[in-house]
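Coordinate analysis (summary)
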Amino acid sequence: MREFCGRYYQVVLGVLWACACFVFFQFCYPYHFFYQEQSQIFLWSWDYVSTYFEHPGGLAVLVGDFLTQFFYYLYVGATLVTLCLLALGGILHLALKNFGCNRHVAFAVSIGVMTFFAVCHFSHTYRLSSTISMIGWACVLWLVSFIKGQRGKRRWGLRCICLATSLLPAYLLFGFPQIKKVGMPDFILEKDFAVDNEYYFGNYGKVIGMVEGSEQWTKEMLFFYNLVQAQRGQLPDHLLSFTPNELGTFYKIGPETPLLTIRNMNELYWVLGDMTFTERAAMMANVFSRDNRNVRMIRRLAECSIVSGDTLAAEKYLRLLDKTLAYRAWARNIRANGESIYRDKMRFVNRHDTITTTDNAHFLMMQLLDTNPDNTVALDYILCSNLLLKDIANFKRDYDRYCMETGKPRVKTLYQEALCIWLAGSDAPQEEWRRYIQRPDIVQRFMDYNKQRGNARFKGSYWYYFDKVKAPEI
């Protein structure tokens, strides 16, 4: 056994390294692979493929993007990264041995290089094509190492000449690895990607479980949590579960807006039902993606066009998706069944002919509710946004306009508690209290709160939030 380990320890260590690499990326850091796959598009078309050779390093980028499209599938991202790193280390190890390097030193250098590029993959901006580029350069070194000749300076001189003559072709084919950031894994960002992608895949229960089961929350996590609750009609029931909370309705898209925020905004507008601003946000996310290519946004643009009734525009995007591997079946299904799939979404589209010069979400939601007062998602978002800002006056105005005047009061504990503040502050008569407050227990609890305002026993109520929690700045 000792003889076996002494002879094959490098193989054993290499296998253990590969297993550790795969396990880490698959089970501790898998979601950034989905982000990378969605932030590009690879078309099975010669016209598209030929564009890769317009710049140096085209072959490496082509191979990298070709492989990245398979990150769409479970386990493939971690597998491909592990295999690429093993290929890099193996080729480099053989080249160093051919150059006469001690096998122990060659193994240590190879493991070190593999580990360095594995660390590079911790960054969501690091592309697989950079690792492919390094593999290409390792292949050049390996090929040069095969050059034979007389020992001594003549052999090394011949090798140097061959290496020098191969630099330009290698650069044109492989370019150089693009390494912008090397550091520790960003597990907070990985959580953001996790919630984002589980929402994208339609696993809403998993989104709820991930957020409620976490000890720390980010704005992005709460943003998607609220999207899920809003679509379930439960946004006001959970609004105060997290403070400060994040609805996304106070965002403004501008030159300094983070890419992840721009990427998220189309999801909010889509859920609200405003196709114009959904399309705008998706276009901007596509523009700010690498090489202006983002398959997730192209899919959303196709959906927007179908919901808006613009079949020609939808077909433009669907034809692009027809040339992808992972989304062609989705495109066929949408082309055949789009109207039935998005029938409910079509009912909530803003039908008013308006020119909007601002992305003020409050104004957009008013337009949507004026078109369709049954748009419960937009109703909850506009009322909850008012309440987060402690804007009781606008809350009362919007509640009257979209609940009382339509004869469909939205009886939620949060809204009843906020109405108590308005009624008490305006010295409303008992008739008004009976008209707005349909739960007597709320009135009794409000009276109890006023006897001990700010008491933590009432934490979770809107009264406690109104008195004790700082409103978001906009």
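Please read all numbers here as calculations on a predicted model, not as lab measurements.

1. Here we look at unusual backbone geometry
In most cases, non-glycine residues show a negative phi, while peptide bonds are predominantly trans. In this structure, the amide linkage connecting Thr 243 to the following residue, Pro 244, adopts the cis form with an omega of -5 degrees. When you line up the elements, Pro 244 lands in the loop between helix 12 (235-238) and helix 13 (259-272). In the Ramachandran plot, Lys 390 falls in the positive-phi region, its phi being about 60 degrees despite a non-glycine side chain. Along the chain, Lys 390 falls in the loop between helix 20 (376-388) and helix 21 (392-404). The backbone of Asp 427 shows a phi angle near 50 degrees, a positive value even though the residue is not glycine. Position of Asp 427 among the secondary structure elements: in the loop between helix 22 (413-425) and helix 23 (430-436).

2. Thoughts on the packing of helix 22 against helix 24 (residues 440-451)
Between helix 22 and helix 24, whose axes approach to 10 Å, the crossing angle comes to 55 degrees. Here helix 24 runs oblique to helix 22, going by the angle between their axes. Seen from above, helix 22 lies across helix 24 with right-handed handedness. When helix 22 is examined against helix 24, the residues Thr 413, Gln 416, Glu 417, Cys 420, Ile 421 and Ala 424 are found in contact with a partner set consisting of Ile 442, Arg 445 and Phe 446. Residue composition of the contact of helix 22 with helix 24, grouped by class: five nonpolar, two polar and two charged.

3. Some remarks on the packing of helix 21 against helix 22
In contact at an axis separation of 10 Å, helix 21 and helix 22 are set at 115 degrees when each is read in the N-to-C sense. For the pair helix 21 and helix 22, the sense of crossing is left-handed. Residues Ile 392, Ala 393, Phe 395, Lys 396 and Tyr 399 of helix 21 touch helix 22, and the partners they reach there are Tyr 415, Ala 418, Leu 419, Ile 421 and Trp 422. Taken together, the residues of the contact of helix 21 with helix 22 break down into nine nonpolar, no polar and one charged.

4. Topic: the layout of surface pockets
The calculated volume of the largest pocket comes to roughly 640 Å³. Around the largest pocket, the lining is made up of 24 residues, and of these Tyr 204, Gln 231, Trp 270, Tyr 342 and Lys 345 lie nearest the centre. Among the residues making up the lining of the largest pocket, the classes are represented as eleven nonpolar, five polar and eight charged.

5. Some points on the side chain of Glu 220
Locating Glu 220 in the fold gives a position in helix 11 (residues 219-231). In this structure Glu 220 is buried but unpaired, with Lys 219 as the nearest side chain of opposite charge at 7.4 Å.

6. A word on the side chain of Asn 372
Its location among the elements puts Asn 372 in the loop between helix 19 (361-371) and helix 20. Judged by relative accessible area, Asn 372 falls into the buried class, the value being 11%. If near-sequence neighbours (up to four positions away) are discounted, Asn 372 is found in contact with Arg 347 and Phe 348.

7. Here's the deal with a nonpolar patch on the surface
A cluster of nonpolar side chains, namely Tyr 8, Val 11, Val 12, Leu 13, Val 15 and Leu 16, defines an oily patch on the protein surface of about 520 Å² accessible area. With respect to the secondary-structure elements, Val 11 resides in helix 1 (residues 2-27).

8. Focus: empty space enclosed by the protein
Here the idea is plain: a probe the size of a water molecule rolls over the atoms and shows the empty space left. Inspection of the entire model under this criterion finds three cavities of 30 Å³ or more. A volume near 80 Å³ is recorded for the largest cavity. Every residue lining the largest cavity is listed: Glu 37, Gln 40, Ile 41, Phe 42, Gln 69, Val 295, Thr 324, Leu 325, Ala 326 and Tyr 327. By residue class, the composition of the lining of the largest cavity is six nonpolar, three polar and one charged. Here the second largest cavity defines a volume of roughly 50 Å³. When residues of the lining of the second largest cavity are traced back to their parent elements, those giving at least two are helix 9 (187-200), helix 11 and helix 13. A class-by-class count of the residues in the lining of the second largest cavity yields three nonpolar, one polar and four charged.

What counts as what
Residues numbered from 1 in each chain as written. Predicted model: local features only at pLDDT ≥ 70, side-chain atom pairs only at ≥ 80, totals over all residues. Heavy atoms only, no water. Helix = DSSP H or I, 4+ residues; strand = E, 2+ residues; numbered from the N terminus. Axes fitted to C-alpha atoms, helices over the stretch in contact; angles between N-to-C directions. Parallel < 35°, antiparallel > 145°, perpendicular 65-115°, else oblique. Left-handed = near helix turned anticlockwise from the far one by under 90°. Contact = heavy atoms within 4.5 Å. Nonpolar A, V, L, I, M, F, W, Y, C, P; charged D, E, K, R; others polar. 1 Å grid on protein atoms, 1.4 Å probe; cavity = no way out; pocket = protein on both sides within 12 Å on 5 of 7 lines; lining within 4 Å. Points joined across faces, edges and corners; volume = space filled by probe spheres on them. Buried < 20%, exposed > 50% of the residue type's maximum accessible area, 1.4 Å probe, protein only. Lys, Arg positive; Asp, Glu negative; His and termini not counted. Salt bridge = Lys/Arg side-chain N within 4 Å of Asp/Glu carboxyl O. Patch = residues over 30% accessible without salt bridge, like charges linked within 9 Å, V, L, I, M, F, W, Y side chains within 5 Å. Areas by Shrake-Rupley, 256 points an atom, 1.4 Å probe, with all protein chains shown as cover.

So yeah, pure geometry; function would need other evidence.
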